[in-house]
Amino acid sequence: MLDRSCPKLLRALLPLLAATGCDGCPSSKPYTPYTLGSAAPSGSPPPLSAVAPGPPDAGPDADAGAPDAAAPRFAAVPSVPAPEGGKRWPLDGGAVAAAPTGRTFETGLLLDLDGDGARDLVAWARAPDGLRGELLLAPAARPQAPRTLAALPGDLAAQGCTPRVGLSQIGPATLALDFAPQCPDQRRAAGAGATRWIAVIRLPGPAAGAGAAPELALELRLRTPPPDEALSASLEVADRDADGRDDLVVSVGLSGALRPFPAPAGAAADLGAPLVFLDRPAGLSRDAAQPAEALRALAASLLRDARGKSTAPAVAASAQRLRRLHAALCADAAAGGGAVAGRDATRAGEALVWTGAGPVRCGEPGLAAAIDHAEAVAASTRGAPIAAVAALDRGGAEPRTKDEGKLLAKLAPPATASAVYRTAAAPQPTRPGALGPLAFEPSGALLVRTAQGVVRVDPAASPTSTEAATDIPPWPAAVHAGPAELVAVERRCDAPTLLALFRSSPDAVGEMEVPLPLLRGQGPRARPGAAPPERCAGTERLPFSPLAASEGGFDIALGAALVSIDLRAAAPTASALSFPLATPAPRGAARSPDGATLAVPAAGGLLVATAGGAARLWSGGDLAQATACAPANGGARVACVVGAAAVIFEAK
């Protein structure tokens, strides 16, 4: 039986990871592989551990239930510090290996690799700055002629970081070198692309013949994640396909959470998936089934949790972490998790794991939709239809599946809108994200802010008095919270989340930014309905709808995603917002006068939702060209700017 302390998402992986076990579950993991953490302490890494070749059908349940019957474990052999200041290394038989000019031995292993009875030296030789070096083989029979097994790539030298190097034999025929830059500032390290480098060396087997030498079998690169996240990788050796060769499982884990997402607690803090490399005569070959199978299993587990009343509230946070893991592992995952073929992951700054052959392509285009669907089901289960629509609306212009379409129709039944009145008064033009020029009054009359003043529009009045000037002062277009002004919402290539920009005061120099609880691929497109681009497009300013503003901050909608920005703390924060809102609705906001109804563009239409009532998705008429919409109390009418006029819509 599985250990009940395993988190559900990780437990779903166990049938797929016969060689890896479950983090945090001692009964299902009788050995501890070497873990490469992105925020590891200084000093040498801990010794590597691995397993010797075992039966191919040995799974985690067998290990957990009968540890004594498991295959013999390979006792990892850690390297030792170099003697004599690193300039010379004594070998068997009185031979001595000298460090190359400009290099110093740091750590090494003595192994008899050629079967002549004398141990050969495999050692890391580094430059004085520690940021350059090579893994050398010095045979005991010819120590004066060392051979380079692997050289640190020149583009990985992270200035200002201190390297940490570990070398171990992790399997009967496998060595691993771990070069990890330790940087004092993770934010600067992530921006500079500080990268962990792991070189896996395959040793010659008995069938290789005389003169066979070790060879570089695999290179892995683990880029430093953004602050508050940590990336780890554990290396485990097992004969996965029973061919007598050391196969390699690299289990990649992501922990922590981007600001402002809440950090997970307890055993659920780590989420991971494996990369599997099978040893073939020509070298290690990646098993294309992973990590896609593991990611699919995690998404399926998420959907199961989404349908439970007690488990649904935690699904939104788990979905964001799964999107981040997908983006970290897979170069064909767009920012935020949407799959886009041919995406430039380097420029996007998302993919954190690379092999010597380049970034990992998982070929799992339906995963992003599966995660979105699970999050929408969870929101529906907990009675949050607007949040559910927001989750379903994250695929841009991608076609929805049949299940997604049915769920959307259930959450927000379609309604056909028609224009019932078009004003002669021309609304004052405003920039996207400003308070709009339209606002209903509690009576049902519409106020239109024009360049000359405020006009009242009452279609129920006589034809001669339908539109009339008023002495109502024009409300401001700028969105203010005390002295602070909300300027824009941006999507940037160098930021993993969307960012809200604001000025702290009218005379402030420059703009401050607040990370929003939406990954970069989430939220609306600058052009409604546009598909995510193939390549990151620098900086993109996004449309958003102001909902409220107070001394403490702002409430806004990005599509159907509702966000609150709190400016009261020294470091402003943002969080997801539930509807209905407690703050009053200012004129020009995408809310009714009583604040109980909102109208925001979402899911290819206009989402009109009233607290305690049903949400409906309006479409038709001129709504496709409408902007700056404002609903009346009860949501029976919505007014929008269409061209140079204000149009009042009703829906059936």
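The structure displayed is predicted, hence computed values, not measured ones. (Residues numbered from 1 in each chain as written. Predicted model: local features only at pLDDT ≥ 70, side-chain atom pairs only at ≥ 80, totals over all residues. Heavy atoms only, no water.)

Draft legend 1. Focus on the overall build of the chain. Counting its regular elements, the chain contains 9 helices and 41 strands. In the chain, buried positions account for 52% of the 652 residues. For the chain, long-range pairs separated by at least 24 residues make up 57% of all intrachain contacts whose partners lie at least 6 apart in sequence. (Helix = DSSP H or I, 4+ residues; strand = E, 2+ residues; numbered from the N terminus. Buried < 20%, exposed > 50% of the residue type's maximum accessible area, 1.4 Å probe, protein only. Contact = heavy atoms within 4.5 Å.)

Draft legend 2. A look at the packing of aromatic side chains. Going through the model one piece at a time under the given rule, you end up with 2 aromatic pairs. Look at tryptophan 89 and phenylalanine 105: their rings are 6.0 Å apart centre to centre, the planes differ by 80 degrees, and that puts the pair in the edge-to-face class. Residue tryptophan 89 is located in strand β6 (residues 88-90), and its partner phenylalanine 105 is located in strand β8 (residues 104-111); the two are separated by 16 residues in the primary sequence. The pair formed by tryptophan 89 and phenylalanine 105 is uniform in burial state, with each residue classed as buried. (Phe/Tyr/Trp six-rings, centres within 6.5 Å; stacked < 30°, edge-to-face > 60°.)

Draft legend 3. Quick peek at the packing of helix α4 (residues 292-306) against helix α7 (residues 367-381). Contact geometry of α4 with α7 gives a least axis separation of 8 Å together with a crossing angle of 15 degrees. For the element pair α4 / α7, the angle class is roughly parallel. The element α4 and its partner α7 pack so that their crossing is left-handed. Mapping the contact onto sequence places Leu295, Arg296, Ala299, Leu302, Leu303 and Ala306 in α4 and Leu367, Ala370, Ile371, His373, Ala374, Val377, Ala378 and Thr381 in α7. Tallied by class, the residues present in the contact of α4 with α7 amount to 11 nonpolar, 2 polar and 1 charged. (Axes fitted to C-alpha atoms, helices over the stretch in contact; angles between N-to-C directions. Parallel < 35°, antiparallel > 145°, perpendicular 65-115°, else oblique. Left-handed = near helix turned anticlockwise from the far one by under 90°. Nonpolar A, V, L, I, M, F, W, Y, C, P; charged D, E, K, R; others polar.)

Draft legend 4. Representation of the environment of serine 255. Mapped onto the secondary structure, serine 255 falls in strand β17 (residues 247-256). Residues serine 255 and serine 232, 23 residues apart in the sequence, show an inter-C-alpha distance of 8.3 Å.

Draft legend 5. Spatial organisation of the pairing of strand β35 (residues 573-576). Here strand β34 (residues 561-566) runs beside β35; their pairing, made up of 4 bridges, is antiparallel. Bridged to valine 563 within β35 is alanine 576. Taken together, β34 and the strand that follows it, β35, pair antiparallel across an intervening segment of 6 residues. (Pairing = 2+ DSSP bridges.)

Draft legend 6. Quick peek at the nonpolar core. Core analysis: the biggest nonpolar cluster contains 95 residues, and Leu248, Phe554, Ile565 and Leu607 have the highest contact counts within it. For isoleucine 565, the contacting residues outside a window of four places in its chain are Leu486, Ala500, Val514, Leu516, Gly552, Gly553, Phe554, Ile556, Thr573 and Ala574. One finds Leu156, Leu177, Trp197 and Ala199 within the second-largest nonpolar core, a separate group that totals 20 residues. (Core = buried A, V, L, I, M, F, W, Y, C linked by side-chain atoms within 4.5 Å.)

Draft legend 7. Structural detail: the pattern of salt bridges. What the rule picks out here adds up to 28 salt bridges. A salt bridge links aspartate 178 to arginine 196; the nearest nitrogen and oxygen atoms lie 2.8 Å apart. Of this pair, aspartate 178 sits in strand β13 (residues 174-182) while arginine 196 sits in strand β14 (residues 195-202), placing them 18 residues apart in sequence. Glutamate 215 is the salt-bridge partner of arginine 202, the closest N and O atoms lying 2.4 Å from each other. On the criterion of sequence distance, the pair formed by arginine 202 in strand β14 and glutamate 215 in strand β15 (residues 215-223) is long-range, its members being 13 residues apart. (Salt bridge = Lys/Arg side-chain N within 4 Å of Asp/Glu carboxyl O.)

Draft legend 8. Spatial organisation of the sheet that holds strand β12 (residues 162-171). Within the open sheet, the 7 strands sit side by side as β4-β12-β13-β14-β15-β20-β21. Their pairing is antiparallel. If you trace the sheet from one side to the other, it starts and ends with β4 (77-78) and β21 (358-359), each paired once. In the sheet, β15 pairs with strand β20 (residues 353-355) via 3 bridges, with the strands oriented antiparallel. Note that in β20 the partner of leucine 222 across the bridge is valine 353.

Draft legend 9. Main features of the sheet that holds β34. In spatial order, the strands read β32-β33-β34-β35; together these 4 strands make up an open sheet with antiparallel pairing. At either margin of the open sheet sits one strand with a lone partner, and together these are β32 (545-550) and β35. Pairs of neighbouring strands in the sheet enclose a mean axial angle of 20 degrees, with direction left out of account.

Draft legend 10. Just unusual backbone geometry, in detail. Following arginine 259, the chain continues into proline 260 via a peptide bond in cis, with omega recorded as 15 degrees. In this fold, proline 260 is placed in the loop between β17 and β18 (270-280). Even without being a glycine, alanine 242 presents a positive backbone phi close to 55 degrees. One can find alanine 242 in the loop between β16 (229-238) and β17. Positive phi, normally seen in glycine, also occurs at alanine 628, with a value near 50 degrees. For alanine 628, the position within the fold is in strand β39 (residues 627-631). When its relative accessible area of 34% is taken as the criterion, alanine 628 is described as partly exposed.

Draft legend 11. Expanded view of the environment of aspartate 458. In this structure, aspartate 458 sits in the loop between β25 (454-457) and β26 (467-469). When the C-alpha positions of aspartate 458 and serine 443 are compared, they lie 9.3 Å apart, and in sequence the two are 15 residues distant. If we skip the residues at most four places from it in the chain, aspartate 458 touches Ala445 and Thr466.

Draft legend 12. Spatial organisation of the state of the cysteines. Under the criterion given, the structure shown has 3 disulfides. The disulfide partner of cysteine 161 is cysteine 183, and the S-S distance across this bridge is 2.0 Å. Here cysteine 161 and cysteine 183 share a disulfide; its torsion about the S-S bond, 105 degrees, makes the bridge right-handed. Placement of the pair is cysteine 161 in the loop between β11 (147-151) and β12 and cysteine 183 in the loop between β13 and α3 (186-191), with a sequence separation of 22 residues. Take cysteine 161: its relative accessible area is 12%, and that puts it in the buried class. Paired by a disulfide, cysteine 330 and cysteine 362 hold their sulfur atoms 1.9 Å apart. The sign of the -80 degrees torsion about the S-S bond sets the cysteine 330-cysteine 362 disulfide as left-handed. Taken together, the positions of cysteine 330 in the loop between α5 (315-329) and α6 (345-348) and cysteine 362 in the loop between β21 and α7 put the pair 32 residues apart, joining distant regions of the chain. Neither cysteine 330 nor cysteine 362 differs from the other in exposure class; each is buried. (Disulfide = S-S within 2.5 Å.)

Draft legend 13. Local environment of helix α9 (residues 402-411). Within α9, the full set of buried residues consists of Glu404, Leu407, Leu408 and Leu411. The buried residues of α9 occupy an angular sector of 100 degrees when the element is viewed end-on, so they sit on one face. Exposed side of α9, more than 90 degrees from the buried face: Lys402, Lys406 and Lys410 are the residues found there. (Arc of directions from axis to C-beta.)

Draft legend 14. Expanded view of the pairing of β16. For β16, a buried count of 8 out of 10 residues is recorded, marking the element as mostly surrounded by other parts of the structure. In this sheet, β17 lies alongside β16 in antiparallel orientation, the contact comprising 10 bridges. Along β17, the bridge assignment pairs serine 232 with glycine 253.

These figures capture arrangement, not role.
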